[in-house]
Amino acid sequence: MKRRLFHATCLWMLSLTWMGSHAWAGLAETVLRVKPSVVLVGTFKTTESPRFQLRGAGFLVARGDLVVTNAHVLPADLDKPDAPTLVVQVRSGRGDWQMRSVTVLETDVLRDLTLLRMEGAPGPVLRIGDSRRVREGDYLAFMGFPIGGSLGFSHVTHRATVSTITSAALPSPSAERLKEQAIRGLRNGTFDIFQLDATAYPGNSGGPLFDPDTGEVMGVMNMVLIKNTRESALSQPSGISYAIPSRYVQALVDRHR
């Protein structure tokens, strides 16, 4: 009996290993397709050092001139006369970063999403998938720029499993906005959010959560559950991250086609 139980356990573990490796089989090819569409989002000011300040990630959609990112990635003082310029940086065919000015088209504060319009030539886009197909236990991946410029603004990809799909209302960067958003959330109802068993960092905010086989965007990376301070996300990552389902992104983009 013990021998049969041991053999059954071994077979079960081998099947899990095979399933896990099979789920990521196409990821390497997908990463190559996704990378050109994932951009740096930040601010530029000649009097600052460094002149470009990374605030998060974003990705190109629609006709290649629209950028999706998080609302909290945007600085609060954009309307001030001496405010820095909001920009994105896109990878050229030669591999260098090209800076582009952007304008804010719409911000969904409740779901912490923002749609930007990029100046200049359009870039390669990511297709927005149907997040209603995502199930708990699904294998996904996300891309961004963790720990900012410490890694030289290199695209970094992480694997993730959907731990749960739950209703949530996102916290706001300030207490004042938190109260306003909480009231709006009570009026409009809560919304679904993906909880992932993966470690993300501040530079991942706004990056795409995508299908490892097709590259379709299933969500937007949003929150990292951190301890005490932003800095502790680097030294004491919780291993839990969150993403906003892509159906909310699709609705935002559809209003500006």
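Residues numbered from 1 in each chain as written. Predicted model: local features only at pLDDT ≥ 70, side-chain atom pairs only at ≥ 80, totals over all residues. Heavy atoms only, no water.

### Concerning helix α5 (residues 246-254)
Residues Ser246, Tyr248, Val249, Leu252 and Val253 constitute the buried set of α5. Within α5, the buried residues cover an arc of 150° as seen down the axis, which keeps them to one side. (Buried < 20%, exposed > 50% of the residue type's maximum accessible area, 1.4 Å probe, protein only. Helix = DSSP H or I, 4+ residues; strand = E, 2+ residues; numbered from the N terminus. Arc of directions from axis to C-beta.)

### Some words on the packing of aromatic side chains
Applying the stated rule across the entire model yields 3 aromatic pairs. Both rings, one in phenylalanine 52 and one in phenylalanine 153, keep their centres 5.8 Å apart while their planes meet at 80°; by these two values the pair is edge-to-face. Note that phenylalanine 52 is positioned in strand β2 (residues 52-61) and phenylalanine 153 in the loop between β7 (139-144) and β8 (156-168), a separation of 101 residues in sequence. Owing to a relative accessible area of 10%, phenylalanine 52 belongs among the buried residues under this scheme. (Phe/Tyr/Trp six-rings, centres within 6.5 Å; stacked < 30°, edge-to-face > 60°.)

### Re the pairing of β7
Extensive coverage of β7 is indicated by the burial of 5 of its 6 residues. Direction of pairing for β7 relative to β8: antiparallel, over a ladder of 6 bridges. Note that in β8 the partner of alanine 141 across the bridge is arginine 159. Bridging between β7 and strand β10 (residues 208-210) involves 2 bridges; their strand directions are antiparallel. Each bridged residue has a counterpart across the sheet, and for alanine 141 the counterpart in β10 is phenylalanine 210. (Pairing = 2+ DSSP bridges.)

### Things to note about helix α2 (residues 27-34)
Those residues of α2 that sit buried are Leu27, Thr30, Val31 and Val34. In a view along the axis of α2, the buried residues occupy a sector of 105°, so they form one face of it. Opposite the buried face of α2, at more than 90 degrees from it, the exposed residues are Ala28 and Leu32.

### Some words on unusual backbone geometry
Residues serine 49 and proline 50 are joined by a peptide bond in cis, for which omega reads 0°. Mapped onto the fold, proline 50 is located in the loop between β1 (38-44) and β2. One non-glycine residue with positive phi stands out, namely alanine 62, at about 60°. Examined against the element boundaries, alanine 62 turns out to sit in the loop between β2 and β3 (66-70).

### Here's the deal with the sheet that holds β2
Pairing within the closed barrel is antiparallel, and its 6 strands lie in the order β1-β2-β3-β6-β5-β4. Averaged over all pairs of adjacent strands, the angle between their axes in this sheet comes to 45°, without regard to strand direction. For β2 and β3, the ladder comprises 3 bridges, and the chain directions are antiparallel. The partner of phenylalanine 59 across the bridge, within β3, is valine 68. Strands in contact with α5 are β2, β3, β5 (97-108) and β6 (113-118); relative to β6, the strand with the most contacts, it is inclined by about 40°. (Axes fitted to C-alpha atoms, helices over the stretch in contact; angles between N-to-C directions. Contact = heavy atoms within 4.5 Å.)

### Let's talk about the environment of threonine 85
Within the element layout of this structure, threonine 85 appears in strand β4 (residues 85-91). C-alpha separation for the pair threonine 85 and glycine 42, spaced 43 residues apart in sequence, amounts to 8.5 Å. Setting aside residues no more than four positions away along its own chain, threonine 85 makes contact with Gly42, Thr43, Phe44 and Ser101.

### Focus on the nonpolar core
One broad rule of soluble globular proteins: the nonpolar side chains tend to lie buried together. Counting 32 residues, the largest nonpolar core has Phe59, Val61, Val68, Leu113, Val249 and Val253 as its most contacted members. If sequence neighbours within four positions are ignored, valine 249 has contacts with Val68, Leu113, Ile128 and Val220. Residues Val134, Ala160, Ala200 and Met218 belong to the second largest nonpolar core, which totals 13 residues. (Core = buried A, V, L, I, M, F, W, Y, C linked by side-chain atoms within 4.5 Å.)

### Structural notes on the confidence of the model for the chain
Caution applies to low-pLDDT parts of the model: their predicted coordinates are not meant to be read in detail. Scored by pLDDT, the chain has a mean of 82; 75% of the residues are at 70 or more. Highest mean pLDDT in the chain belongs to β10 (98); lowest belongs to helix α1 (residues 2-23) (49). Between residues 8-19, whose pLDDT stays under 50, and residues either more than four places distant or in other chains, the model counts 0 contacts. Taken as a whole, residues 225-231 scores under 50 in pLDDT and shows 8 contacts with residues more than four places along the chain or in a different chain. (pLDDT = per-residue confidence, 0-100.)

### A short note on the pairing of β5
In this sheet, β5 lies alongside β4 in antiparallel orientation, the contact comprising 5 bridges. Bridged to valine 88 within β5 is arginine 100. Here β4 folds back onto β5, and the loop between the two strands holds 5 residues, one of which, glycine 95, carries a positive phi near 95°. The pairing of β5 with β6 spans 6 bridges and is classified as antiparallel.

### So, the pattern of salt bridges
According to the stated counting rule, one finds 8 salt bridges in the structure shown. Notably, a salt bridge pairs arginine 117 with aspartate 65, separated by 3.6 Å at the nearest N-O pair. Of this pair, arginine 117 sits in strand β6 while aspartate 65 sits in the loop between β2 and β3, placing them 52 residues apart in sequence. On the basis of relative accessible area, arginine 117 is assigned to the partly exposed category, the value being 29%. With a relative accessible area of 14%, aspartate 65 lands in the buried category. Taking the shortest distance from any N to any O, the salt bridge between arginine 111 and aspartate 108 comes out at 3.2 Å. Since its relative accessible area comes to 22%, arginine 111 is described here as partly exposed. Relative accessible area serves as the criterion here: at 15%, aspartate 108 is assigned to the buried category. One salt-bridge network, in which partners are shared between bridges, spans Arg127, Arg133 and Glu216. (Salt bridge = Lys/Arg side-chain N within 4 Å of Asp/Glu carboxyl O.)

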